[in-house]
Amino acid sequence: MCSIGWRPDVITRCLSYRHGVSNLDRTPDLGTYGGRSGVAATPVHEVFAGREVMLGESTKVRRLLPNLGRRLVGPWCFVDHYGPDDIAAGPGMQVPAHPHMGLQTVSWLIDGEIQHRDSVGSQQLIRPGQLGLMTSGHGITHAEQSPRPAHPAMLHGVQLWVALPDSAREVAPHWAHHADLPKFSDSGVSTTVIMGSLAGAVSPGQAYSPIVGADVALDPGADALLPLEPDFEYAVLTTLGELEVDGVTLTPGAMLYLGAGRRDLRLRSAPGARALLLGGEPFAEQIVMWWNFVGRSGDEIAAAREQWMAGERFGAVVGYDGDPLPAPPMPPGRLKPGGSTR
């Protein structure tokens, strides 16, 4: 990969790209997350509407994690919901090559198609209902684009990050694509297990911490119970329709944090709805997250930024025609790792 300089034309062009499994914020905060002190050990209801983030001049996403009150849900450390967007007249998603370390990215589409390329040589078209799982480990570079010259008219999805535990965060980077995921249905609710396991259905995606991620589709009038692990903490993000979760009504883009201590969860929807169930064992380690990096100290993050800007460590994306994304400047001050809540 060539060295990246601070070229204003590159920065301006990068800001116009549509969001993918990356953080394109040009002024990202240094975030301190993790530890179990802030985890709700008993059932709670915390509703988050999502913070609208403009990425470029026209792209808007709803950021659910991290938020002002909640930093992680199990090992899930970053959740953005985008769309549904009509991209028929435009280029769609065009995210330039950018780095990751210390995390897994989970690509999940509801509508549309995305072409994934990375620095370990992977090239894969991702479609709705398929798991694109990238483990950055020590470091990886990837790019995401809507297919050219033609792509589906609608784009709708969720981008998710999973923090890797210290025992796995230096693993060799790798990519996995799973077109067939386990599913089960009950009482008008169809569930696809994306990560981890639920009701005996186990995802083929490799996880490094106890985790669950599932897409839940409710028929009109559905009323059902999902089985849960009482030692996990959970949240539900509504992606389509109106959904009642444990008596709390959610509309698209809203997330309900549920805490731990539950053995089941009641879901209802009169008009029909779709949502993501996210959960896992509370993440015991304390982490530092900035831009597209997860580490354990501010110094480690700063070193990774310098390596990216120098064209070191992360590799180049084969087959991507364009300049890589320059890293934002680091914010002033030093940072120590912190907990899962502010």
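That block above? That's the structure.
Residues numbered from 1 in each chain as written. Predicted model: local features only at pLDDT ≥ 70, side-chain atom pairs only at ≥ 80, totals over all residues. Heavy atoms only, no water.

Colleague: For this particular structure, what's the right way to read the sheet that holds strand β9 (residues 123-126)?
Modeller: Across the sheet, 4 strands lie side by side as β6-β11-β8-β9; this open sheet has antiparallel pairing. Each edge of the open sheet carries a strand with a single partner, namely β6 (94-100) and β9. The sheet shows a mean angle of 20° between the axes of neighbouring strands, taken without regard to direction. In terms of strand pairing, strand β8 (residues 114-118) meets strand β11 (residues 140-145) through 4 bridges, oriented antiparallel. The residue bridging R117 from the neighbouring strand is A143, located in β11. (Pairing = 2+ DSSP bridges. Helix = DSSP H or I, 4+ residues; strand = E, 2+ residues; numbered from the N terminus. Axes fitted to C-alpha atoms, helices over the stretch in contact; angles between N-to-C directions.)

Colleague: For this particular structure, what's the right way to read the nonpolar core?
Modeller: For soluble globular proteins, nonpolar side chains are generally found buried alongside one another. With 27 residues, the main nonpolar core has V236, L243, V245, L265, L267 and L277 as its most contacted residues. Among the elements that make up this core, the one with the highest residue count is strand β17 (residues 211-218) (4 residues). The next biggest cluster of nonpolar side chains, apart from the first, holds 25 residues, and it includes W76, L160, M255 and Y257. (Core = buried A, V, L, I, M, F, W, Y, C linked by side-chain atoms within 4.5 Å. Buried < 20%, exposed > 50% of the residue type's maximum accessible area, 1.4 Å probe, protein only.)

Colleague: Is there a simple way to explain the environment of E312 in this structure?
Modeller: Note on placement: E312 falls in the segment after α2 (298-309). Note on E312: relative accessible area 44%, which makes it partly exposed. Taking the C-alpha atoms as reference, E312 lies 9.9 Å from G139; in sequence the two are 173 residues apart.

Colleague: I tried to follow the side chain of S203 on my own but got confused; where do I start?
Modeller: Examined against the element boundaries, S203 turns out to sit in the loop between β16 (201-202) and β17. Excluding anything up to four places from it in sequence, S203 contacts L131, L181, P182, V193, I194, M195 and G196. (Contact = heavy atoms within 4.5 Å.)

Colleague: Just checking my understanding: could you explain the sheet that holds strand β21 (residues 248-250) for this structure?
Modeller: With antiparallel pairing, the 4 strands of this open sheet are ordered in space as β18-β23-β20-β21. Whereas interior strands pair on both sides, the edge strands pair on one side only; in this sheet they are β18 (222-227) and β21. Pairwise comparison of adjacent strand axes, ignoring direction, gives a mean angle of 25° for this sheet. Where β18 and strand β23 (residues 264-269) come together, 6 bridges link them in antiparallel fashion.

Colleague: Help me understand the pairing of β8 in this model?
Modeller: When a strand is regular, its side chains alternate between the sheet's two faces. With 5 of 5 residues buried, β8 lies mostly within the body of the structure. The side-chain alternation of β8 yields two buried faces, one formed by I114, H116 and D118 and the other by Q115 and R117. As paired strands, β8 and β9 are joined by 4 bridges and run antiparallel to one another. Following the sheet pairing, Q115 is matched in β9 by L125.

Colleague: Honestly, α2 in this entry has me stumped. Any pointers?
Modeller: Each turn of an α-helix holds 3.6 residues, which means side chains three or four residues apart point in the same direction. The terminal C-alpha atoms of α2, which comprises 12 residues, lie 17 Å apart, in line with the 16 Å expected from a rise of 1.5 Å per residue. Those residues of α2 lying buried are G298, I301, A304, R305, W308 and M309. Around the axis of α2, the buried residues are gathered within 135° of arc, so they sit on the same side. Against β6, β11, β25 (286-290) and β26 (293-295) lie the buried residues of α2. Looking at the residues trailing α2, positive phi occurs at G311, about 75°. (Expected span 1.5 Å × (residues − 1). Arc of directions from axis to C-beta.)

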